[in-house]
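Here's the letter readout for the chains.
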Amino acid sequence: RPEPDARRSETPVLPGGAFVEGQWQSADLTLDVRDPEDGTLVGRVCSSTAQDVRRAIAHIHRHLRAEPWPLRSRRQALEKATRLLGEQSARFAAIIAAESSKTITEAEREVLRCIETLRLSAAASNELSGSTLDFDDSTATGNKIGWYSRKPVGIVAAITPFNDPLNLVAHKLGPALIAGNGVVLKPSERTPLSGLALVQLLLEAGVPSGRIAAIVSGPGVAEALVTDEQIDLISFTGGPRTAERIAATAGAKKILSELGGNNATIVCADADAVSAADAIVAGAFGVAGQNCLSVQRVYVHTSLFERVVAEVTRGTRALRTGPKFDRGTDVGPLISEAEARRVEEWVDEAVAAGASLHVGGQRRGAFYEPTVLTGVPAACRVLRDEVFGPVVTILPFVEVSDAVHAANDSEYGLQAGIFTQSMDLALAMAENLHVGAVVINETSDVRIDSMPFGGFKKSGIGREGVRYAVHAMTEPKNTIVNLG
Ligand code: NAD
């Protein structure tokens with residue numbers, strides 16, 4: 001551990017633990033935020049109540065129409081937020097690394113991405129203009145002219161997961177605000193500090209307090225948010241089971257959801273085994289595998305199978321699991337010991353069913369060693385379900401069509417990777433992969449914050465990626481003039 005522990009001097013200084021009715025609430029700071037590595041208390045936030053949720057929404061509802069917030073001011077606020085985050089990047093990285101399972105290096109990378117997300121949000125001010133309508137293209141419309149413009153949906157509920165506690169919050173708040181909406185954030189109760197700090201920064205940058213609120217709590221209070229009649233759109237990122245509960249309780253509200261993955265990467269016979277293996281190690285074990293884009297299944301042509309298994313095992317063995325604030329650490333802890341125990345159980349189940357363990361398979365508290373498996377029977381959870389931990393399974397294939405079929409054999413469809421030197425082959429395979437993005441000569445673990453991001457099947461509904469979220473968080477509204 002580096003002395004005297006860099007994170008202590010950067011511990012978040014937040015004025016309170018929730019932001020409701022334009023005020024930071026500093027009473028009832030009863031929800032402890034603990035470092036998953038060693039249980040150290042990192043911060044205390046409010047455990048919001050259903051009444052707080054109703055008050056927060058009603059306050060935004062009152063201000064939304066009463067106090068117009070012009071587009072130029074919205075853009076200026078997001079531009080200022082971009083600058084402020086650049087100036088405070090070290091503090092934000094320390095908050096992320098202290099409360100989540102990211103290493104300090106991974107946290108720094110997330111802050112850089114968040115700066116980009118805020119910059120893109122400011123730039124998305126030019127996504128709001130509409131277009132004229134071609135009434136004269138139809139004989140039935142008579143003598144009319146018209147146009148449409150994009151109007152904010154109203155109030156957005158932003159519900160976020162623990163694994164990217166800052167940037168995934170920005171992917172909701174940035175588009176919601178530039179589009180002219182009000183927004184109520186409910187960050188993960190496991191990692192709320194990064195999101196609360198971002199709300200504080202946005203207020204400092206000029207976002208009016210009548211446009212934004214943040215509540216922190218568990219599922220009970222989240223339900224009060226999801227069911228409130230004055231919420232117009234729910235933007236959710238998290239697990240599919242939570243998404244199903246939200247869909248069951250939300251009524252007829254619009255829902256955008258970014259859910260899980262069980263991502264495959266295919267290594268064809270002509271690929272470079274070493275560079276593919278290096279990319280697989282990076283893509284499988286970043287953030288201890290707690291990444292919706294993580295490489296979970298690798299299909300390798302039989303001619304390269306042993307080589308790739310050996311190279312991935314070698315690369316995995318070289319990773320250092322350890323303290324998050326130690327710059328020599330490659331892999332930090334999971335978000336909780338309970339999650340590490342779950343991963344341990346899934347790996348043990350696969351090994352008991354006949355899988356071979358090449359490296360890893362050891363747990364120490366919330367840490368789980370990066371693990372490489374082969375020979376995993378198809379029914380094992382570590383292969384079928386989203387593992388969301390540092391475990392990768394490598395499987396052989398003979399025909400490329402079988403690999404594509406196997407990659408598609410999942411309830412998820414987020415992203416996939418292909419390694420081959422033949423672009424013709426890669427493009428033909430890409431056409432048949434049922435996923436939101438196919439990455440050629442890289443693994444599934446690639447996201448550019450400006451791209452339309454989301455998945456097929458149970459991986460979600462709709463797309464994020466700033467301008468796509470802006471479109472989803474606005475309604476095209478027609479104005480039609482009858483010229484008689
Ligand atoms: P989770 O579903 O447990 O929690 C996500 C959020 O939902 C939290 O804020 C939680 O408090 C809230 N929540 C819980 N119950 C709720 C309810 N009944 N109503 C409303 N909200 C409720 O997810 P997690 O464990 O924090 O995150 C891991 C999951 O998120 C994985 O499945 C991962 O793949 C997914 N994820 C997806 C993406 C993506 O963009 N596709 C990105 C990151 C994470």
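Residues numbered from 1 in each chain as written. Predicted model: local features only at pLDDT ≥ 70, side-chain atom pairs only at ≥ 80, totals over all residues. Heavy atoms only, no water.

**What to know about the sheet that holds strand β12 (residues 263-267)**
Pairing within the open sheet is mixed, and its seven strands lie in the order β14-β17-β18-β13-β12-β20-β21. A single partner strand is all that each edge strand has here, and the edge strands are β14 (356-359) and β21 (437-440). Mean inter-strand twist for the sheet, computed between neighbouring axes without regard to direction, equals 25 degrees. Here strand β13 (residues 295-301) runs beside strand β18 (residues 391-397); their pairing, made up of five bridges, is parallel. From the neighbouring strand, R297 faces β18, where its bridge partner is T393. Packing against the sheet, helix α14 (residues 400-408) makes contact with β12, β13 and β18, and its axis sits at approximately 165 degrees to β13. Lying on the sheet, helix α15 (residues 423-432) is in contact with β12, β20 (415-419) and β21; it crosses β21 at an angle near 165 degrees. (Pairing = 2+ DSSP bridges. Helix = DSSP H or I, 4+ residues; strand = E, 2+ residues; numbered from the N terminus. Axes fitted to C-alpha atoms, helices over the stretch in contact; angles between N-to-C directions. Contact = heavy atoms within 4.5 Å.)

**So, the packing of aromatic side chains**
Under the defined criterion, the tally for this structure stands at two aromatic pairs. Considering the side-chain rings of F19 and W24, the 5.0 Å spacing of their centres and the 55 degrees angle between planes classify their relative orientation as tilted. Just as F19 is buried, W24 falls in that class too. An angle of 85 degrees between the planes, with centres 5.9 Å apart, marks the rings of F162 and F388 as edge-to-face. Taken together, the residues span a long stretch of sequence, with F162 in the loop between β7 (155-159) and α6 (167-178) and F388 in the loop between α13 (381-384) and β18 at a distance of 226 residues. The exposure classification of F162 matches that of F388, with both residues buried. The ring centre of F367 lies 4.8 Å from the NZ or CZ of R364, which sits over that ring. (Phe/Tyr/Trp six-rings, centres within 6.5 Å; stacked < 30°, edge-to-face > 60°. Buried < 20%, exposed > 50% of the residue type's maximum accessible area, 1.4 Å probe, protein only. Lys NZ or Arg CZ within 6 Å of the ring centre and 35° of its normal.)

**Quick look at the sheet that holds strand β6 (residues 144-152)**
Ordered by their spatial adjacency, three strands build an open sheet running β5-β6-β24, and the pairing between neighbours is antiparallel. Of all the strands in the sheet, the pair left with one neighbour each is β5 (131-133) and β24 (474-482). Taking the axes of each pair of neighbouring strands and ignoring which way they run, one obtains an average angle of 30 degrees across the sheet. With three bridges connecting them, β5 and β6 associate as antiparallel partners. If you follow T132 over to β6, its bridge partner there is W147.

**Considerations on the pattern of salt bridges**
Applying the stated criterion to the full structure yields 28 salt bridges. Put simply, R34 and D32 hold a salt bridge, and the shortest N to O gap is 3.3 Å. R34 sits in the partly exposed class, given a relative accessible area of 42%. With a relative accessible area of 32%, D32 lands in the partly exposed category. A salt bridge links K458 to E411; its shortest N-O distance comes to 3.3 Å. With K458 in the loop between β22 (456-457) and β23 (460-461) and E411 in the loop between α14 and β19 (412-413), the pair connects residues that are 47 residues apart, well separated along the chain. Note on K458: relative accessible area 35%, which makes it partly exposed. One salt-bridge network, held together by shared partners, links D278, R307, E311 and R314. (Salt bridge = Lys/Arg side-chain N within 4 Å of Asp/Glu carboxyl O.)

**A short note on the nonpolar core**
The biggest cluster of nonpolar side chains holds 59 residues, and the ones touching the most others in it are L173, L198, V199, L202 and I212. Those residues in contact with L173 that sit more than four places away from it in its chain are A158, V183, L185, L198, V199, L202 and I212. Listed in part, the 55 residues of the second largest apolar core include A284, C380, A407 and I418. (Core = buried A, V, L, I, M, F, W, Y, C linked by side-chain atoms within 4.5 Å.)

**Comments concerning the packing of helix α10 (residues 273-285) against helix α11 (residues 302-317)**
Helix-helix packing is described using two parameters, namely the angle between the two axes and the distance between the axes. With their axes 9 Å apart at the nearest point, α10 and α11 run at an angle of 50 degrees to one another. With respect to α11, the axis of α10 lies oblique. α11 is crossed by α10, and the crossing has right-handed handedness. Facing α10, whose interface residues are A273, V274, A277, D278, I280, V281 and F285, α11 presents L304, R307, V308, E311, V312, R314, G315 and T316. (Parallel < 35°, antiparallel > 145°, perpendicular 65-115°, else oblique. Left-handed = near helix turned anticlockwise from the far one by under 90°.)

**Considering the pairing of strand β4 (residues 41-45)**
Where strand β3 (residues 31-34) lies against β4, four bridges are found, and the strand directions are antiparallel. Each bridged residue has a counterpart across the sheet, and for D32 the counterpart in β4 is R44.

**Structural notes on the site of the ligand**
Around the ligand, the surrounding shell holds 29 residues, and the nearest of these are T160, E189, T242, L259 and E386. In this structure, an oxygen atom belonging to the ligand sits 3.2 Å away from a main-chain N or O atom of F162. E386 places a side-chain nitrogen or oxygen 2.5 Å from an oxygen atom of the ligand. Going through the elements one at a time, α8 (219-227), β10 (233-237) and α9 (240-249) are the ones with two or more residues in the shell around the ligand. At four residues, the largest contribution of residues to the shell around the ligand is made by α8. For the shell around the ligand, the class distribution of residues is 14 nonpolar, eight polar and seven charged. (Near = heavy atom within 4 Å. Polar contact = N/O pair within 3.5 Å; in protein donor to acceptor, adjacent residues only side chain to side chain. Nonpolar A, V, L, I, M, F, W, Y, C, P; charged D, E, K, R; others polar.)

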